[in-house]
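Tertiary structure, described
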Amino acid sequence: MISLFATDRLTHLYPSIQVFITEQVIPLEREFLSLPFGELLPKLDALREQVKQKGWWAPPLPESEGGMGLSLTEFAQLSELMGRTPLGHYLFNCQAPDIGNMELMLSHASEALQEQFLEPLIQGETRSCFSMTEPEFAGSNPTRMATTAIRDGDDYVISGHKWFTTAADGAQFAVVMAITNPDATSPYERASMIVVPTDTPGFDRVRNISVMGESGEGYHSHAEIKYEKCRVPVSYRIGPEGKGFMLAQERLGPGRIHHCMRWIGIAERALEMMCQYAIRRELKDGRPLANMQTIQNWIAESRAEIDASRLLVLHTARKIDEEGQKAARQQISTIKFYVAGMLDRVLDRAVQSHGALGITDDTVLAYWYRHERAARIYDGPDEVHKSVLARDILKSYQE
Ligand SMILES: Cc1cc2nc3c(=O)[nH]c(=O)nc-3n(C[C@H](O)[C@H](O)[C@H](O)COP(=O)(O)OP(=O)(O)OC[C@H]3O[C@@H](n4cnc5c(N)ncnc54)[C@H](O)[C@@H]3O)c2cc1C
């Protein structure tokens, strides 16, 4: 925790959550890496109950909604702690995509939708997913999509093909982005967000997509889904018709802070593992790996890049807290590509310094190496964020 960004509340909370993560959660990783996710659920449920009892549940949500009411800057620092293990965010019920859906529905869903879908989600009784990307169209320009929601009386009839719908397996509902206003002049005003329960006739989870050799299951999976004339009431729409992209933008801002801080937690742990291994691995009698200058360079570069990332992200979080998302647009793009790149480099160095052990599942490094390569792709690929940032910077030179 950096004192510049500390608050009394955080100073009080941080050490106990750190102990909980270190002593209760990290030891479960061996089972997480070797068992199907479903088999671990009873143990995870017991830990979730502890988190609830301690009053640490859903930290970014308002207290009135059962959360901790933390500011984004405060939550960001806890998100780093939780990120130190792949199980962290799930145990505190602030995992993507659920937390994004919770924040979205709190602000924009009707009371009836909140009661039916949001409350059980906040309680941790259900899970959800977010279904926007389609295999046939470039996800980096999501205005191009083919999924439609056609009005038929008081219903929408939804048809389309989506993929990379994270955590759809076992979710109770999907928030689906579908075209409702094809004739709107602006491509950003053609789509709406609609809740589709996963037991709706026509909802077909085709498969969990194999990612780097792993299809996963339950919360740890990404699904391909066909929506074949799924009929849901018009009242299942979140927010006004045609405003889906506006809502998606709103959903992504805090989400990028959550992800970036989670990545910093991963990088910090990878650096720790690299240092511990470098000290204990002897290359010759009395000459540990840590004596090699290459490893020393990697350690020093990683330290500098992680610290720089943390300052950038917390600065961005504070700007969002104080001035709103729009004012922090440049910073949000900057952290998205910068921190994802840092994570990629630090993980690669950590894997390389562990030699063959680095690519086994005897440590958590290979899991992260497989799954976090995606950090440079989802929520906008690096190239899109760099281009957004550069164009914004260049504007001030064009006047
Ligand atoms: C692990 C993971 C989880 C995901 N979870 C979800 C989810 O829950 N829900 C959901 O709806 N989607 C999800 N996605 C999809 C994700 O949002 C898209 O993959 C992302 O938006 C990129 O779209 P695409 O894959 O179609 O790549 P494309 O748009 O086809 O782009 C391909 C490549 O082209 C390059 N490129 C693209 N645009 C530009 C540009 N303007 N300038 C220069 N180069 C460019 C980039 O290198 C990019 O990687 C997930 C993806 C992954 C990998």
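Residues numbered from 1 in each chain as written. Predicted model: local features only at pLDDT ≥ 70, side-chain atom pairs only at ≥ 80, totals over all residues.

**Describing the overall build of the chain**
What counts is decided by this rule: Strands are runs of DSSP state E lasting at least 2 residues, helices are runs of H or I lasting at least 4, and numbering of each runs from the N terminus. The atom set for the radius of gyration is the C-alpha atoms, and the globule formula is 2.2 Å times the number of residues raised to the power 0.38. Put plainly, a residue is buried at 20 or more neighbouring C-beta atoms within 10 Å of its own, exposed at 12 or fewer, and partly exposed in between, counting only other residues' C-beta atoms, which are placed from the backbone. Two residues qualify as being in contact provided that their C-beta atoms, derived from the backbone, are within 7 Å of each other.
What the chain contains, in helices and strands, is 12 helices and 10 strands. For 399 residues, the compact-globule estimate of 2.2 N^0.38 gives 21 Å, and the C-alpha radius of gyration of the chain, at 22 Å, lies within 12% of that figure. Counting only C-alpha atoms, the chain reaches 80 × 60 × 45 Å along its principal axes. Looking at the 399 residues of the chain, the share that counts as buried comes to 42%. For the chain, the share of sequence-separated contacts (at least 6 apart) that also reach a separation of at least 24 residues comes to 71%.

**Thoughts on the site of the ligand**
Spelled out, the test is: Any residue whose C-beta atom, as placed from the backbone, lies within 6 Å of a molecule or strand is termed near it. Amino acid classes used here: Ala, Val, Leu, Ile, Met, Phe, Trp, Tyr, Cys and Pro are nonpolar; Asp, Glu, Lys and Arg are charged; the rest, including Gly, are polar. An automatic or database domain assignment supplies the start and end points of every domain.
Around the ligand there are 19 residues in total, and M132, A138, G139, S140 and E383 lie nearest to it. Taken together, the residues of the shell around the ligand break down into 10 nonpolar, 8 polar and 1 charged. Shared between two domains, the shell around the ligand holds at least three residues of each, these being domain 2 (128–238) and domain 3 (245–398).

**Description of unusual backbone geometry**
The amide bond that connects A96 to the next residue, P97, takes the cis arrangement and shows omega of 0 degrees. Looking at where P97 falls in the secondary structure, it is placed in the loop between α5 (88–91) and α6 (98–108). In this structure, A58 is a non-glycine residue whose phi angle is positive, near 45 degrees. Tracing the sequence through the fold places A58 in the loop between α3 (37–53) and α4 (72–83). Here K229, not a glycine, exhibits a phi torsion of approximately 55 degrees, which is positive.

**A look at the nonpolar core**
If you look at soluble globular proteins, the nonpolar side chains tend to sit buried side by side. Applied cut-off: To define a nonpolar core, we join buried Ala, Val, Leu, Ile, Met, Phe, Trp, Tyr and Cys residues through C-beta atoms within 7 Å and take the resulting set.
By size, the foremost hydrophobic cluster in this structure holds 101 residues, and its most contacted members are I194 and V196. No other element matches the 13 residues that helix α8 (residues 244–280) contributes to this core. Setting aside anything within four residues of it in sequence, one finds I194 in contact with A149, Y156, I158, V176, A178, V232, Y236 and R237.

**Quick word on the domain arrangement of the chain**
Along its sequence, the chain is carved into domain 1 (3–101), domain 2 (128–238) and domain 3 (245–398). Here the C-alpha centroids of domain 1 and domain 3 sit 20 Å apart. Each partner contributes to the interface: domain 1 provides 19 residues, whereas domain 3 provides 23 residues. With 8 residues, the top contributor of residues to the side of domain 1 that touches domain 3 is α4. For the side of domain 1 that touches domain 3, a count of residues per class yields 9 nonpolar, 7 polar and 3 charged.

**Some details on helix α7 (residues 111–123)**
The test is simple: To get the bend at a given residue, fit one axis to the seven residues ending there, fit another to the seven starting there, and take the angle between those axes.
By the largest-angle criterion, F117 marks the main kink of α7, which is about 40 degrees, and a proline, P120, follows within four residues. If you check which residues of α7 are buried, you get F117, L118, L121 and I122. Buried residues in α7 make contact with α6, β1 (128–131), β4 (173–179) and β5 (191–197). Immediately downstream of α7, the backbone of G124 shows phi near 85 degrees, a positive value.

**Brief notes about the packing of α6 against α8**
Which entries qualify depends on this criterion: The axes used here are C-alpha line fits, helices contributing only the stretch in contact, and every angle between their N-to-C directions lies in the interval 0 to 180 degrees. An angle counts as roughly parallel when it lies under 35 degrees, as roughly antiparallel when it exceeds 145, as roughly perpendicular when it falls between 65 and 115, and as oblique in every other case. Crossing chirality is assigned from the near helix's rotation relative to the far helix, an anticlockwise turn below a right angle marking it left-handed and a clockwise turn marking it right-handed.
Where α6 meets α8, the closest approach of the two axes is 10 Å, and the angle between their N-to-C directions is 135 degrees. If you check the angle between α6 and α8, you find them oblique. Of the two possible hands of crossing, α6 and α8 adopt the one that is right-handed. Taking contact as the criterion, the partners of I99, G100, E103, L104 and H108 in α6 are, on α8, L247, R251, P254, G255 and H258. Broken down by class, the residue content of the contact of α6 with α8 amounts to 4 nonpolar, 4 polar and 2 charged.

**Focus on α8**
This is how the line gets drawn: Helix span, expected: 1.5 Å multiplied by one less than the number of residues in the helix.
Taking 1.5 Å per residue, 37 residues should reach 54 Å; α8 reaches 53 Å between its end C-alpha atoms and fits that length. A bend of about 30 degrees at P254 is the largest found in α8.

**Here we look at the environment of R349**
Here R349 lies in helix α10 (residues 329–353). Considered as a pair, R349 and W298 are 51 residues apart in the sequence and their alpha carbons are 6.6 Å apart. Discounting chain neighbours no more than four positions away, the residues touching R349 are M274, W298 and S302.

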